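Structure assessment
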Amino acid sequence: MYLDLDRTPAGRSELDVTGTVALGLGEGYAPEATISGELTLQNLESRVLASGTLAASGMAECARCLSAFALSWEVPVDLMVLRDTHSEETEGETLLILQRDGEVDLSESLRECAALAYPQTTVCREDCRGLCASCGADLNDGPCGCVEEPVDPRWEGLP
Ligand SMILES: [Zn+2]
Ligand SMILES: [Zn+2]
């Protein structure tokens, strides 16, 4: 995933992005994400701004039943390539890349965006029943036969 500074026209243009990055988030997370979509570029004299929302997908583990499933999520991107490589500028949430010309490798910045936007809870489907707490059976395959713990009567009637 590259942005070619020498070939980006002045003013506004579009950049198609497609690629796969290793997320490095750890166990239970999708190990890698395939990112695709279009970024809007603003090529100004001293800088190029790239922004937009990309789509990411990867194989994740369901938080309830632990099975692998295809997870997709949206990745907001807001980054800036500064041609002044000695700049000490900071721009709030915007990711900064310092490079004067040539091809800018966006992979690390887009990996960061995809990791930041990773969903908090990942379930294979809204109504996933998860695993039985006593025997570990996947309750999506049907009841496991364990007797459910009776509800403690002291808690009944509480909202
Ligand atoms: Zn599940
Ligand atoms: Zn069970």
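Going by the structure above, here's the rest.
This is a predicted model, so every value here is computed, not measured.

**Observations regarding helix 1 (residues 107-116)**
For helix 1, the full list of buried residues reads Ser109, Leu110, Cys113, Ala114 and Ala115. Where helix 1 is buried, its residues meet strand 2 (11-22), strand 3 (32-43), strand 4 (47-61), strand 5 (68-82) and strand 6 (95-98).

**Concerning the coordination of the zinc ion (ligand 2)**
For the zinc ion (ligand 2), every protein donor is listed as Cys132 (SG), Cys135 (SG), Cys144 (SG) and Cys146 (SG), and the spread of their distances is 2.2 to 2.3 Å. Going along the chain, you hit the donors of the zinc ion (ligand 2) in the pattern C-x2-C-x8-C-x1-C.

**Some words on the side chain of Thr94**
For Thr94, the location among the structural elements is in the loop between strand 5 and strand 6. Among the polar contacts made by the side chain of Thr94, one reaches the side chain of Asp78 at a distance of 3.4 Å. Apart from the residues within four sequence positions on either side, Thr94 is in contact with Asp78, Leu79 and Met80.

**Some remarks on the coordination of the zinc ion (ligand 1)**
Around a metal, the idealised angle for a tetrahedral arrangement of four donor atoms is 109.5 degrees; for an octahedral arrangement of six donor atoms it is 90 or 180 degrees. Listed as protein donors to the zinc ion (ligand 1) are Cys62 (SG), Cys65 (SG), Cys124 (SG) and Cys128 (SG); their distances from the metal cover 2.3 to 2.4 Å. Geometry at the zinc ion (ligand 1) is tetrahedral, judged from the 4 donor atoms that bind it and their angles of 106 to 113° at the metal. Here the donor residues of the zinc ion (ligand 1) share one chain and are spaced in sequence as C-x2-C-x58-C-x3-C. Within this pair, whereas Cys65 is found in the loop between strand 4 and strand 5, its partner Cys124 is found in the segment after helix 1, the two being separated by 59 residues in sequence.

**As for the pairing of strand 4**
In this structure, strand 3 lies alongside strand 4, joined through 7 bridges in antiparallel fashion. Bridging across to strand 4, Asn43 finds its partner in Val48. Hairpin geometry of strand 3 and strand 4 is characterised by an intervening segment of 3 residues between the two adjacent antiparallel strands. Pairing of strand 4 with strand 5, which is carried by 15 bridges, proceeds in the antiparallel orientation. When the sheet's bridge partners are listed, Ala55 is paired in strand 5 with Glu74.

**Things to note about unusual backbone geometry**
Its identity as a non-glycine residue notwithstanding, Leu66 has a phi of 65°, on the positive side. Within the element layout of this structure, Leu66 appears in the loop between strand 4 and strand 5.

**Thoughts on the sheet that holds strand 2**
An order of 2-3-4-5-6 is seen for the 5 strands of this open sheet, with the pairing classed as mixed. Each having just a single partner strand, strand 2 and strand 6 make up the two edges of the open sheet. When strand polarity is set aside, the average angle formed by the axes of neighbouring strands in this sheet is 25°. Bridging between strand 5 and strand 6 involves 4 bridges; their strand directions are parallel. Looking across to strand 6, one finds that Leu79 is bridged to Leu95.

What counts as what
Residues numbered from 1 in each chain as written. Chains lettered and ligands numbered in written order. Predicted model: local features only at pLDDT ≥ 70, side-chain atom pairs only at ≥ 80, totals over all residues. Heavy atoms only, no water. Buried < 20%, exposed > 50% of the residue type's maximum accessible area, 1.4 Å probe, protein only. Helix = DSSP H or I, 4+ residues; strand = E, 2+ residues; numbered from the N terminus. Contact = heavy atoms within 4.5 Å. Donors = N, O, S within 2.8 Å, 3.2 Å for Na, K, Ca; no water. Polar contact = N/O pair within 3.5 Å; in protein donor to acceptor, adjacent residues only side chain to side chain. Tetrahedral: all angles 85-135°; square planar, octahedral: opposite > 155°, others 65-115°. Pairing = 2+ DSSP bridges. Axes fitted to C-alpha atoms, helices over the stretch in contact; angles between N-to-C directions.

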